[in-house]
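Close look at the chain arrangement
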Amino acid sequence: MSVKKIIIIGSGAAGLTSAVYAARANLNPLVIDGSLPGGQLTTTTDVENFPGFPEGVMGPELMERMRKQAERFGTEFLFGQVESCDFSGEIKKIKVNGKELQAHAVIIGTGASPKLLGLEEEKKLMGRGVSTCATCDGAFFRDANLLVVGGGDSAMEESTFLTKFAKKVTLVHRRDEFRASKIMQERTLKNPKIEVLWNTNLIAIDDLQAGKVTQAHLQNTQTGEKSSLEVEGIFIAIGHIPNSQAFQGQIDTDDNGYILVKQGTHTSSPGVFAAGDCVDHVYRQAITAAGMGCMAALDAERYLTAKGIE
Ligand code: NAP
């Protein structure tokens, strides 16, 4: 088996940008797609803040364009997920689809996945009325009453998007102020189809027996008062968990699993670099992930040059 110069794990904004740079540097990168090819941007609608698109661009289209750009310079893609890896030696070993791949350098751009509340019903009713992706599932809920949980930009975006289909969207937030950006808050609060329930938690969901969502059980965090609401769909939009599980024990992470980097994008294992939402819990934007992807490719290129691999 030949040893690749570089393997890039993940095909979101970070992974694909690093692929464009690595491919243009003649490093013949192999990108391992991961469970969501194109990453989180494929589950969003309008992206209005990616420079170069004054009219905005749809998330999936932006990712398709990045992929084509990486392909244009010779990037190869492999559909699959990393099962395990061994970064201890000079040659990095990565197991994908039951097969071992080897590379001189690795860039990790595996992103982050949506967080859940931890309710038993949430998992059991996932795809049966419970969702973490309005763009993916919103159209199934025409004229329905829906509930969204969260107070960040994701919750604002999901609620606003869902009003395209829903009769009414109730947005439930555990505090009395949103964390979201001002512009997204304003859009949400002035939408006549959205009602906000402040200081409220979702504590249970009916109906497990029927295998669908019929009712949301809520509790006021200040008074403890309980109430229920008839809804057909529940969208959880409460943040994300970094996808770093496959690398545990191989590279250092913080307590929340975010990969720790130093001097740009170097992880604790020489020759392994990381970029994007699996590292960054502060900025978490497509453009910052893309920027870090670029940095990782440049760092990897310098590492390989110093090793005499060109
Ligand atoms: P976030 O900013 O971390 O917000 C998560 C929200 O969920 C917070 O309001 C939090 O409440 C709430 N929450 C967390 N755990 C909870 C729990 N167990 N029970 C109830 N509520 C819970 O996450 P995000 O909204 O996904 O945004 C992440 C990043 O992506 C941000 O930087 C955001 O700006 C960006 N983003 C941008 C866009 C856009 O520009 N189009 C769209 C989406 C996301 P507290 O406020 O009480 O902590």
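Note that this is a predicted model, so its numbers are computed, not measured. (Residues numbered from 1 in each chain as written. Predicted model: local features only at pLDDT ≥ 70, side-chain atom pairs only at ≥ 80, totals over all residues. Heavy atoms only, no water.)

When you go through the protein chain residue by residue, the secondary structure sums to seven helices and 19 strands. Relative to the 2.2 N^0.38 estimate, which gives 19 Å for 310 residues, the radius of gyration of the protein chain is 21 Å and therefore close to what a compact globule would have. Overall, the C-alpha framework of the protein chain stretches about 65 × 40 × 30 Å when taken along its three principal axes. Looking at the 310 residues of the protein chain, the share that counts as buried comes to 47%. The contacts of the protein chain with a sequence gap of at least 6 include a subset with a gap of at least 24, amounting to 58%. Looking at charge distribution, the protein chain has the averaged site of its 32 positive side-chain charges lying 3 Å from that of its 37 negative ones. (Helix = DSSP H or I, 4+ residues; strand = E, 2+ residues; numbered from the N terminus. Rg over C-alpha atoms; globule rule 2.2 N^0.38 Å. Buried < 20%, exposed > 50% of the residue type's maximum accessible area, 1.4 Å probe, protein only. Contact = heavy atoms within 4.5 Å. Lys, Arg positive; Asp, Glu negative; His and termini not counted. Charge placed at Lys NZ, Arg CZ, Asp CG, Glu CD.)

Time to look at the domain arrangement of the protein chain. According to the domain assignment, the protein chain contains domain 1 (4-113 + 240-306) and domain 2 (116-236). At the interface, six residues of domain 1 touch seven residues of domain 2. Carbon and sulfur atoms make up 46% of the area that domain 1 and domain 2 hide from each other, which totals about 450 Å². A salt bridge links Arg-187 to Glu-48; its shortest N-O distance comes to 3.4 Å. At the boundary of domain 1 and domain 2, one finds one residue pair in polar contact (both at pLDDT 80 or more). Split by residue class, the side of domain 1 that touches domain 2 holds no nonpolar, four polar and two charged. (Domains from an automatic or database assignment. Buried area = accessible area lost by both parts, 1.4 Å probe. Salt bridge = Lys/Arg side-chain N within 4 Å of Asp/Glu carboxyl O. Polar contact = N/O pair within 3.5 Å; in protein donor to acceptor, adjacent residues only side chain to side chain. Nonpolar A, V, L, I, M, F, W, Y, C, P; charged D, E, K, R; others polar.)

In the neighbourhood of the ligand, 20 residues make up the surrounding shell, with Asp-153, Ser-154, Arg-174, Arg-175 and Arg-179 lying closest. Here an oxygen atom of the ligand and a backbone polar atom of Gly-152 are 3.4 Å apart. Per element, the largest residue contribution to the shell around the ligand is three residues, and it comes from helix α5 (residues 153-162). Looking at the shell around the ligand residue by residue, the classes come out as four nonpolar, nine polar and seven charged. (Near = heavy atom within 4 Å.)

With 14 residues, helix α2 (residues 59-72) extends 20 Å between its outermost C-alpha atoms, agreeing within 8% with the 20 Å of an ideal straight helix rising 1.5 Å per residue. The inward-facing, buried residues of α2 abut α1 (13-24), β3 (46-47), β4 (57-58) and β5 (76-78). One or two positions beyond α2, positive phi appears at Gly-74, with a value near 100°. (Expected span 1.5 Å × (residues − 1).)

For the structure shown, the criterion picks out six aromatic pairs. Here Phe-50 and Phe-53 contribute two aromatic rings whose centre-to-centre distance is 6.2 Å and whose plane-to-plane angle is 55°, an arrangement assigned as tilted. Residues Phe-87 and Phe-247 carry aromatic rings whose centres are separated by 6.2 Å and whose planes lie at 15° to one another, so their mutual orientation is stacked. Taken together, the residues span a long stretch of sequence, with Phe-87 in the loop between β6 (82-86) and β7 (92-96) and Phe-247 in the loop between β18 (240-242) and β19 (272-274) at a distance of 160 residues. For the residue pair Phe-87 and Phe-247, the accessibility class agrees, reading buried in each case. (Phe/Tyr/Trp six-rings, centres within 6.5 Å; stacked < 30°, edge-to-face > 60°.)

Next up on the list: unusual backbone geometry. Here the bond from Asp-206 into Asp-207 is cis, since omega is 15°, no more than 30 degrees from zero. Not every positive phi belongs to a glycine, and Asn-26 is a case in point at roughly 60°. If you trace the backbone, Asn-26 turns up in the loop between α1 and β2 (30-32). Residue Asn-26 is classed as exposed on the basis of its relative accessible area, which comes to 56%.

Moving on to the packing of α5 against helix α6 (residues 182-189). Where α5 meets α6, the axes come as close as 9 Å, and the angle between the chain directions of the two elements is 35°. Here α5 and α6 pass one another in a crossing that is left-handed. Taking contact as the criterion, the partners of Asp-153, Met-156, Glu-157 and Thr-160 in α5 are, on α6, Met-184, Gln-185 and Thr-188. For the contact of α5 with α6, the class distribution of residues is two nonpolar, three polar and two charged. (Axes fitted to C-alpha atoms, helices over the stretch in contact; angles between N-to-C directions. Left-handed = near helix turned anticlockwise from the far one by under 90°.)

As a further point, take the side chain of Glu-121. Along the polypeptide, Glu-121 turns up in helix α3 (residues 120-124). One buried charged side chain, Glu-121, makes no salt bridge at all; its nearest oppositely charged neighbour is Lys-124, positioned 7.9 Å away. Among the polar contacts made by the side chain of Glu-121, one reaches the main-chain amide nitrogen of Ile-205 at a distance of 2.6 Å. If we skip the residues at most four places from it in the chain, Glu-121 touches Ala-204, Ile-205 and Leu-208.

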